[in-house]
Amino acid sequence: MDQETSKVALAVERGATTTRRVIDETGLSRLKVERALRWLEKHNRLIRDNEGFRIAGARTKQNARQCGSCNCCCDILEVTAVEKPVNELCKYWETAKGCTIYDRRPQMCRSFTCAWLQGHFDEGWFPATSRIVVHFSQDAVNVQVDPSCPDRWREEPYFSKLCQLSLNGIRASGRPGYATLIVAGPDKFLLLGRTVVPDPTLFGTAFVPVTAETFRYWKARSQEHLQRLNERVMEIQRIQQQFGYCAIPDDDDPYPPYRPDLLRLSQHVERK
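For the structure given in this document, a descriptive report is provided here. (Residues numbered from 1 in each chain as written. Predicted model: local features only at pLDDT ≥ 70, side-chain atom pairs only at ≥ 80, totals over all residues. Heavy atoms only, no water.)

**Describing the nonpolar core**
Part 1 of the reasoning: Residues Trp125, Val134, Val143, Trp153, Leu162 and Ile182 are the most contacted members of the largest nonpolar core, which totals 29 residues.
Part 2 of the reasoning: Elements represented by at least two residues in this core include exactly strand E5 (132–137), strand E6 (140–145), helix H7 (158–170), strand E7 (179–184) and strand E8 (187–192).
Part 3 of the reasoning: The element contributing the most residues to this core is H7, with five residues.
Part 4 of the reasoning: Once residues within four sequence positions are removed from consideration, Val143 is found in contact with Ile132, Val133, Val134, Leu162, Leu181, Ile182 and Val183.
Part 5 of the reasoning: Core analysis: the second largest hydrophobic core is formed by 14 residues, Val22, Leu28, Ala36 and Leu40 among them. (Core = buried A, V, L, I, M, F, W, Y, C linked by side-chain atoms within 4.5 Å. Buried < 20%, exposed > 50% of the residue type's maximum accessible area, 1.4 Å probe, protein only. Helix = DSSP H or I, 4+ residues; strand = E, 2+ residues; numbered from the N terminus. Contact = heavy atoms within 4.5 Å.)

**A short note on the packing of aromatic side chains**
Part 1 of the reasoning: One pass over the structure, following the stated rule, counts six aromatic pairs.
Part 2 of the reasoning: Judged by centre distance (4.9 Å) and plane angle (90°), the ring pair of Trp125 and Tyr158 falls under edge-to-face. Of this pair, Trp125 sits in the loop between helix H5 (107–111) and helix H6 (127–130) while Tyr158 sits in helix H7, and the two are 33 residues apart along the sequence. Each member of the pair, Trp125 together with Tyr158, is buried.
Part 3 of the reasoning: With a centroid separation of 5.5 Å and an interplanar angle of 90°, the aromatic rings of Phe207 and Phe215 are classed as edge-to-face.
Part 4 of the reasoning: Look at Phe207 and you get partly exposed, because its relative accessible area is 27%. (Phe/Tyr/Trp six-rings, centres within 6.5 Å; stacked < 30°, edge-to-face > 60°.)

**Concerning the environment of Arg152**
Part 1 of the reasoning: Here Arg152 lies in the loop between E6 and H7.
Part 2 of the reasoning: For the pair formed by Arg152 and Glu235, sequence separation is 83 residues and the distance between their alpha carbons is 38 Å.
Part 3 of the reasoning: There is a polar contact of 3.0 Å between the side chain of Arg152 and the backbone oxygen of Ser130. (Polar contact = N/O pair within 3.5 Å; in protein donor to acceptor, adjacent residues only side chain to side chain.)

**Brief notes about the packing of helix H2 (residues 19–26) against helix H3 (residues 30–42)**
Part 1 of the reasoning: At a minimum axis distance of 10 Å, the contact between H2 and H3 shows a crossing angle of 115°. When the axis of H2 is compared with that of H3, the two are roughly perpendicular. By crossing handedness, the relation of H2 to H3 is classed as right-handed. Here Thr19, Val22, Ile23 and Thr26 of H2 come into contact with H3, specifically with Arg30, Val33, Glu34 and Leu37.
Part 2 of the reasoning: For the contact of H2 with H3, the per-class residue count stands at four nonpolar, two polar and two charged. (Axes fitted to C-alpha atoms, helices over the stretch in contact; angles between N-to-C directions. Parallel < 35°, antiparallel > 145°, perpendicular 65-115°, else oblique. Left-handed = near helix turned anticlockwise from the far one by under 90°. Nonpolar A, V, L, I, M, F, W, Y, C, P; charged D, E, K, R; others polar.)

Here you go:
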C-alpha cells in the first residue's frame, strides 16, 4: 500500500464516506482518490454500500452509537456556517427539542462525527460525560475540552489514552503521521507522548525523544527556524546511531554546522 492509498484509507477510517469528502480530507486529486479506493476495494480493505465507504470490519450505522442526550458538538465546537462561536451553545439548539434546523442544517454539521460516535473510545469518553470532544482532521487528532473543566484531559483515563494516540501519530509507519492538539478554553497544547507543549506556534515544533514517552522540544518562530531545528534533530539522531549517545543542547536557535558542536557537547571525538 503506497502513501497516497494509506492516506485515503485513514480518511475513510476517520469517517469520510464519499469521494468528495475523501478529496477534502486528503487534498489528493479525484483521480488519485478513485485509484486508491479501487485498490482498497480490490484487496478487501474497503466496503462500498448504500451508506458510502467504510473500512472492512468497521461498524455500520445500524449498530453505531447514537448521540442521545449529548449536544457537546453544538456547544463546545465552532460552527462558522451558522455563526456559532466556540464554547457557546448554538442558537438553534433548544432543550427538549434539540436542533431546530436539523433538516436544513449546514453541511459541516451533517458531515461531522466525533471519535466517540465512530467507536474509537469506550463509554467513559461519551462527550456529555467526559466534556471532551475528539475529532479527526487530515493531519491531526483534535481534542476540544469544555472550558468549565479545562484540566479534564489531564485526568485519567483520558491523559494516558491521548498520550498513546500522540505516540501512534509520531511513530506512524507506512502512513502519514498526525499531531495531537488540545484546546481548553483560551489555552492550546500540543501533546508529544507525555510531554505537553503549551502554546505551540503555527510554524511547528521540532522534537527529539528523551525517553520512550517523553521528548525535548523547541518551538519554531519561522519556517526557516523550523528547518534549522529539524536539521539539528536529524544530526542528533545520526550521532546517537553512530555513538549510542548524543547530548541534547539547551539553546533553541541553532545554526549550521551542527555536528561539531554536538560532538563537543557529547564529548565524542570523530576520527578522520
